[in-house]
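Coordinates in review
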Amino acid sequence: MNILSGIHTFPFQISNETIERLKLSTQKFKPIQELEYQDGNIFLVNQSLKKQILSEDDSQQLIYSDNNCWIVSNSRIDNREELLTRLALPINDQLSDNAILLKMYQEFGNEFVKHIEGDWTLAIWNQSKQELLIARDQLGVSALYYRLTDEYIAFSSYIQGLIEIDQDTIKIDELYLAGIMTAWITLSNNTAFVNIQHLPPAHYGLVKNGRFTLHRYWEAEKTPELHLKSEMDYVKQFSNVLEQSVKNRIQYAKKLGSQLSSGFDSSTITTVAAEIFKKENKRLTAFTSIPKEKTSDYFPEHTATDESYLSIPTAEFLGNVDHVLVRSENQSIIKNIHDSLELHHAPLHAAGNMFWIHQIYLDAQSQDIDTLLIGQSGNTTISWTGYPKGLQIKRLIKQILGYKGQEKFTPISYLQYLIAEIKNKLNNNAMPSWDAYSFINPQFAKVMDLLQKMKETGHDPTFTKSIQNKKGHVNFINPKYSKIGALWQDLAYQYKISTYDPSTDKRLVEYCLSVPNNYYQRHNTNKWLLKTAMKGRLLDDLIHQKKKGRQATDLAIRIQSEATEFQELLKSFRSNKAIQYYLDCPKMEQCLERILENPRKKEAYSDSIFLTRGISCALFIQKYQHRFA
C-alpha cells in the first residue's frame, strides 16, 4: 500500500520547500519506507505504509527505472500472466509490478494502460521525451489528484499534499459544495477545490512542454451485448467472473475481513471469499454494523433496522467465518465528522454513516486484518435488478406525478398527492424540490442558478426518474466520473488495511453490462441472474427476503445523546458569515429541535442524515472560509 506523489515544473527547478510541503501531509500515516527521485524539474516520491507482501525487492515496488524512464505506482495487478505473455517473458518471472508496468509502457506506449487489470494508480517520467504520464484504473478503490498551474503540475494519491504546497491560492469549488448539499453527483472531475482535479476512472493525463491533456482509454458504454446459447450459460459465466474478481483481491491477504450486511452484495462477496478460503482451510472475519439499541419500532415493516438477523445465520451457514457485531458505542458523531474532514478534505454526502464505517476499521485493525472486502457498488453489477420491461401503469403514474412516497398505492393517495403538486406549481413562492432534504441557502442556490445547472446535466432533484435502459444502467455505474474509490482509499491509508471492492472489477462490470436485460428479470424473479448463480450458496431466507437493510438506524438516538454538543455547534454557526451565506442555519436548528423532541419518530432518521450532511458542509466551510473563489 503506497502513497505516490510528484511535481513537474516548467521550466523552473523545484524548491526544497515545495517538496517538503508535499511530503508533510502524509507523515500522519507514518510511512515505513519511502524512495525519492529528483532531477531538475521532476520530483517523484513513493511511500509505503505497510510491509510489502510480495517477495520482490521493496525498492522496485516503490520506484523502478529503466532506459531513462522512472515509475511510481500503488498497484495490485490482476493479469500479470497475460501481461508477461504480451511482453514475451516467462510466466513465472518474478518482476515487480512496477517493472512490468514500465516494460508495458515502453512496449506499447501511452495506451498500455488499457491492458492493465486491477486496482492501481501510477506515474511515469520519461526523461528522454521530457514527458510525464499519470494514470489510474477503470473503477477500483483508488484515487489520483492533480494540481495544474502555469508553472507546474503536482499530483498525489492523497489530496492533502496538493493543498499544502500552496495554500494561499487554494479556492473552494462552490458548485461542488452545492452538489454535496443537494445530494447531486455532479458529472465532472472536480474536487472540493477549484485548483485541484480528480483524475477520472479509466483516464490518463499527459504533460509535455507545459501542456496537459486528458485521455480516456476505456468506455464501459461501448460494451456489446452478449448472446449465449442458454440461460444457464449466462449464470455459469457470471459465477466465473464474480469468483475471479473476489479471488484477485484476496490472493495476498494474510488476515481477511469483509463488511457483511443483510444485503445481496456484501453477502455474496463474503460467501465467495469464504468458499475460496475454505479450500485452503482458512477463515475470514465479517463485520456487521448494528444499532446500539432497538430501532425497529419507528421504521416501516419492510425495513431491516438490525442487519444481524441475516448476517448471523449467514456467518454460521458458511462455517469458516468469524462474525463481529459492531455497535459503535464509543463513537462521537460530531468528533467523527471533524475527523472525516481531516482525513478526506471534503464534505461528505454520507457523513451520518461514517461513525460505523470507522468503527469497523478500528475493530478490523485490532484483529490485525490486512485486507478488507466491501461491496459498495454491487447494486450496479452483482445485484443489478434490470430495468422495467414493457408499460407498467403504476410506475408510469408515479413517474408522471413525481410521487416519492413509500405509502401503499391507492387512488385516493395519488389524488391527494396530485392536488398538492398542482397547488405547489401554482404557488409562485413554492420551495425548490431539494427543500425537503437540503439545508442549502436558497439565496446561494439562486445566485448559482442551481436548478438550471442541474437540468443541463440531466439531474433530477426529485429523484423520481427510474432507469429505463442500458444508458441508464451505465450512468448509474458512472464509469467516467465515479469518485467512490477515493473515500475508501483514504480509509485504507488511515488504518493501513488494503480495501477492495470486487463489484467494481472491470471484467465484472463489462459482463454485467453485456448481459441482456431479460436475464435480470426472468421467470417472475427479480435479480434472477444472481439468485440462480448463488442458489444453495446463499441462505434461502436471504435470497427470498422482502426487507431492505438500513445502516445507522440509531443515528437520531445518537444525536440526542450528544444534544448539548450539537446545540452549541449549530449556535456557533450563527456568527460565521461564510456558513450563513451557503447554508440555512435557522433551518438546521429547527431540524435538530425536531430530532431532539422525539428521535424515535418516523421522520427523525432522514432528518438525522440530512443534518449530519449539512454539518459536514458547515465545518468544511468553517475550515476553509478564507479560501472561497
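Along its length, the protein chain carries 25 helices and 21 strands. For 629 residues, the compact-globule estimate of 2.2 N^0.38 gives 25 Å, and the C-alpha radius of gyration of the protein chain, at 25 Å, lies within 12% of that figure. Summarising its shape, the C-alpha atoms of the protein chain cover approximately 75 × 60 × 45 Å along the three principal directions. Relative to its full complement of 629 residues, the protein chain shows a buried share of 57%. Nonlocal contacts in the protein chain, meaning residues at least 24 apart in sequence, comprise 74% of its contacts between residues at least 6 apart. A total accessible area of about 27600 Å² is found for the protein chain, and carbon and sulfur atoms account for 49% of it. Taking the average location of the 73 positive side-chain charges in the protein chain and that of its 71 negative ones, the two points are 6 Å from each other.

This paragraph deals with the packing of aromatic side chains. Across all of its chains, the model carries 22 aromatic pairs by this definition. Each ring, one from Tyr37 and one from Trp70, has its centre 4.2 Å from the other, and the planes form 15 degrees; the classification is stacked. Here Tyr37 is found in strand S2 (residues 33–39), whereas its partner Trp70 is found in strand S5 (residues 69–77), with 33 residues between them in sequence. Judged by centre distance (5.0 Å) and plane angle (70 degrees), the rings of Phe299 and Tyr605 are edge-to-face. Taken together, the positions of Phe299 in the loop between strand S14 (284–289) and strand S15 (303–304) and Tyr605 in helix H25 (residues 604–623) put the pair 306 residues apart, joining distant regions of the chain. Residue class for Tyr605 comes out buried when judged on its relative accessible area of 10%. The rings of Phe29, Tyr158 and Tyr493 are connected pair by pair, giving a single aromatic cluster. Stacked on the ring of Phe277, the Lys or Arg Lys282 has its end atom at 5.2 Å from the ring centre. Positioned above the aromatic ring of Trp528 is the side chain of Arg522, whose terminal nitrogen or guanidinium carbon lies 5.8 Å from the ring centre.

Backbone geometry at Asn67 places phi at a positive 55 degrees, although glycine is not the residue there. Position of Asn67 relative to the elements: it lies in the loop between strand S4 (64–66) and S5. Classification of Asn67 by relative accessible area gives exposed; the value is 63%. Phi is positive for Ser328, which is not a glycine, with a value near 55 degrees.

With 98 residues, the main nonpolar core has Met181, Phe193, Phe573, Leu583, Leu611 and Ile615 as its most contacted residues. Beyond its immediate sequence surroundings of up to four residues, Leu583 is in contact with Met181, Phe439, Ile440, Asn441, Met588, Gly614, Cys617, Ala618 and Ile621. Membership of the second largest hydrophobic core comes to 43 residues, among which are Leu373, Val515, Tyr520 and Leu529.

Before going further, it helps to spend a moment on the sheet that holds strand S18 (residues 498–500). The sheet built from 5 strands is open, its strands ordered S16-S14-S13-S17-S18 with parallel pairing. Only two strands of the sheet have a single partner each, and these edge strands are strand S16 (321–326) and S18. Taken over all neighbouring pairs, the strand axes of this sheet differ in orientation by 25 degrees on average, direction set aside. Of the pairings in the sheet, the one linking strand S13 (residues 256–259) to strand S17 (residues 371–373) comprises 3 bridges and is parallel in character.

Further remarks concern the pairing of strand S1 (residues 2–9). Counting buried positions over the 8 residues of S1 gives 8, a clear majority of the element. Of the two faces of S1, the one carrying Asn2, Leu4, Gly6 and His8 and the one carrying Ile3, Ser5, Ile7 and Thr9 are both buried. Across 7 bridges, the pairing between S1 and strand S3 (residues 42–48) is antiparallel. If you follow Ser5 over to S3, its bridge partner there is Val45.

For the rest of this paragraph, the subject is the side chain of Thr268. If you trace the backbone, Thr268 turns up in helix H8 (residues 264–278). The class for Thr268 is buried, based on a relative accessible area of 0%. Those residues within four positions of Thr268 in sequence are excluded, and the remaining contacts are Leu242, Ile382, Leu530, Met534 and Leu538.

How each quantity is defined
Residues numbered from 1 in each chain as written. Predicted model: local features only at pLDDT ≥ 70, side-chain atom pairs only at ≥ 80, totals over all residues. Heavy atoms only, no water. Helix = DSSP H or I, 4+ residues; strand = E, 2+ residues; numbered from the N terminus. Rg over C-alpha atoms; globule rule 2.2 N^0.38 Å. Buried < 20%, exposed > 50% of the residue type's maximum accessible area, 1.4 Å probe, protein only. Contact = heavy atoms within 4.5 Å. Areas by Shrake-Rupley, 256 points an atom, 1.4 Å probe, with all protein chains shown as cover. Lys, Arg positive; Asp, Glu negative; His and termini not counted. Charge placed at Lys NZ, Arg CZ, Asp CG, Glu CD. Phe/Tyr/Trp six-rings, centres within 6.5 Å; stacked < 30°, edge-to-face > 60°. Lys NZ or Arg CZ within 6 Å of the ring centre and 35° of its normal. Core = buried A, V, L, I, M, F, W, Y, C linked by side-chain atoms within 4.5 Å. Pairing = 2+ DSSP bridges. Axes fitted to C-alpha atoms, helices over the stretch in contact; angles between N-to-C directions.

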